[in-house]
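Structural overview
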Amino acid sequence: MVKEAGLRKIEKLIFTLVFLHLFLSGNLVAQDSSITVSGLQSVLENVDEVPGLEFIVYFRTPNDTTDLTLLNLSQHADSINFWFSDTILLYNEAKELNADLSLLNKGSGSINYLLFKREVSESGVVEYLDNLMRNELFDPKSIVDNSFGNEGELVLLGTNTPFRPFYKLKVKILSDVKMLLLLACLSMFLIASLIMVLVMFVIKSKKRRKEVLTLRFKNLCYGPISDLLFDDEPERLNQLKKEDMVALFPKGHLDIDLFKDVMIQEIISLNKNMKGDFKSRLKLIYRKLELDRHSIKKLSLKRWDAVTAGIVEINEMDVIEAVHIVGKFTSHENFYIRSNAVATMLNISNDMSLKVLADQRYPLSKWQQMKYYRIIKYINNKGILKFHLLFESENESVRVFGIKLVRHLGLVDKLSILQQMYGTASINEKIEILKCYDNFNHVDGLEDVYKDLNTSDKALFLNIVKVLKNLGSEVSQIILMEWFKKTKDFECRLKILDAVNSLNPDLIAILDETKGDDQVKQILAHLKDPILSHV
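Conventions and cut-offs
- Residues numbered from 1 in each chain as written.
- Predicted model: local features only at pLDDT ≥ 70, side-chain atom pairs only at ≥ 80, totals over all residues.
- Heavy atoms only, no water.
- Helix = DSSP H or I, 4+ residues; strand = E, 2+ residues; numbered from the N terminus.
- Expected span 1.5 Å × (residues − 1).
- Buried < 20%, exposed > 50% of the residue type's maximum accessible area, 1.4 Å probe, protein only.
- Contact = heavy atoms within 4.5 Å.
- Phe/Tyr/Trp six-rings, centres within 6.5 Å; stacked < 30°, edge-to-face > 60°.
- Lys NZ or Arg CZ within 6 Å of the ring centre and 35° of its normal.
- Axes fitted to C-alpha atoms, helices over the stretch in contact; angles between N-to-C directions.
- Parallel < 35°, antiparallel > 145°, perpendicular 65-115°, else oblique.
- Left-handed = near helix turned anticlockwise from the far one by under 90°.
- Nonpolar A, V, L, I, M, F, W, Y, C, P; charged D, E, K, R; others polar.
- Core = buried A, V, L, I, M, F, W, Y, C linked by side-chain atoms within 4.5 Å.

Concerning helix α13 (residues 304-316)
Taking 1.5 Å per residue as the helical rise, α13 with its 13 residues ought to reach 18 Å, and the 18 Å between its terminal C-alpha atoms agrees with that figure. Looking only at α13, the buried set comprises Ala306, Val307, Thr308, Gly310, Ile311, Glu313, Ile314 and Asn315. In this fold, the buried residues of α13 make contact with α10 (257-273), α11 (277-288), α12 (291-298), α14 (323-326) and α15 (335-348). One or two positions beyond α13, positive phi appears at Asp318, with a value near 55°.

As structure tokens, this is what we get:
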């Protein structure tokens, strides 16, 4: 045990001696490479720029008249004959400047040291250089051999720069721009999806609630409306006041717009299915409950469907006092508002000149023409309508519609006007006029029709041939055969021979006996075939 303890003490002693030897040897090497104050100038003369170290030359002239501004020196504010230079990075340049000043002006000069812009003594410079050497940031021998480069300066500047972490955020992934853009897009998509789902839910909830309330309000309307409509005493309805009628309905419901809308729809639905005295009763109920004001109020709304609903209600219930308001919508850009406004004006305005229709700027669709035709047919039985404004309208579709009315309403007295129009009419107008000629067997206008056989429009040509088939004469046969020889279109030649066959079958028989081309043979075979006779 004693021997083991002695061995341990010896090992500790050896380890301590080795450590001291290494420490002292390193310290001695550092001391050997240190710089003294006396050797400072020689070191600075053999090195280039030292990081953080600058020099300034102070010079005192023997008299006050000496001017050193040409040598880039500045005069001291407190002493006229005391001058100083700008900061100089190289010691050799400062030394040369001081020597030149002393030689030229015979004054006294000195070189002072600036360490990081602060003036220090030679001992301070030596301590600074020793510190650089201990940290391996400055080596006079390496600088002399030009092998040090700018590494020392970079390291020194690095020590003066405060540490700033490359990633400022705690989460490294958030510093990636692409990842941030991806997260932003995903977040926007998620937010947009949530908003869309929320909006859909709100809209669906409102729609469902409206459907439930509509069904509920219908059930509440049936009883009071039936009692008022089918009362045994018709005069009692005329004597009832608004307050008495409101009392028949649930309290406060007539102040709800949706309840009013449901009531109006039910009244209109009954009005379409009722006749005679019941229709007048429904309109009386509608007015006494002041539902007409609710319909007129809709015309001032911004929603096109609400405005259209108001116009339809005014039309169905004959609210004549709203004519001047509805008239403002007859040229509206919205198709449904404009169509229903024109229909309402035709129905309740009592305007026999059809001016509201003649002033239309937009073309009339087939649906509009069908709707307006039913109204005009109804009001034509009440009085004589003036169609001349339709024929003089600037809108071609209105003029075509006016010509159609002549044919559908049987206005034979208007054929003379159509005959005058034919010469200057458009192709669509001429086609409708030809249908009127054919429908009323009007042969007086055939002279103008012959002139249009040379038209380039195929539809017009075929309609002319059809009219000549039914109304033509011997002159028509000759003209048609001449055009048969000129045209090469199969359909046109087929219709011409069909018309000639209707006017004079013997002429077709003569043509059949002659040797014609293959197309003529096909046409004749087509006309003789009973299966293809109407094709």
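There is more to say after this.
Some details on the packing of aromatic side chains
Scanning the entire structure with this criterion turns up eleven aromatic pairs. Between Phe55 and Tyr113, the ring centres sit 5.8 Å apart and the planes meet at 65°, which makes this aromatic pair edge-to-face. With Phe55 in strand β1 (residues 53-60) and Tyr113 in strand β4 (residues 108-115), this pair connects stretches of sequence that are 58 residues apart. If you follow Lys430 out to its NZ or CZ, it ends over the ring of Tyr422, 5.3 Å from the centre.

Let's talk about unusual backbone geometry
The phi angle at Phe116 is positive, at roughly 55°, despite the residue not being glycine. What makes Phe116 partly exposed here is its relative accessible area of 41%. Phi at Lys117 is positive, roughly 70°, even though this residue is not glycine. Mapping Lys117 onto the fold places it in the loop between β4 and β5 (118-120).

Regarding the packing of helix α25 (residues 490-503) against helix α27 (residues 518-528)
Following both chains from N to C, one finds α25 and α27 inclined at 50°, their axes separated by 10 Å at the closest point. Our classification of the angle between α25 and α27 gives oblique. The hand of the α25/α27 crossing is right-handed. Touching Phe490, Arg493, Leu494, Leu497 and Asp498 of α25 are Gln519, Val520, Gln522, Ile523, Leu524, His526 and Leu527, all from α27. The residue inventory of the contact of α25 with α27, partitioned by class, reads seven nonpolar, three polar and two charged.

Observations concerning the nonpolar core
By size, the foremost hydrophobic cluster in this structure holds 98 residues, and its most contacted members are Met263, Ile376, Phe387 and Leu418. A total of eight residues in this core trace back to one element, the largest contributor, which is helix α23 (residues 458-471). Those residues in contact with Met263, other than ones at most four positions away along the chain, are Cys221, Ile225, Phe249, Leu254, Leu289 and Leu291. In terms of nonpolar packing, the next biggest core, distinct from the first, is built from 29 residues, Ile35, Val50, Phe55 and Tyr91 among them.

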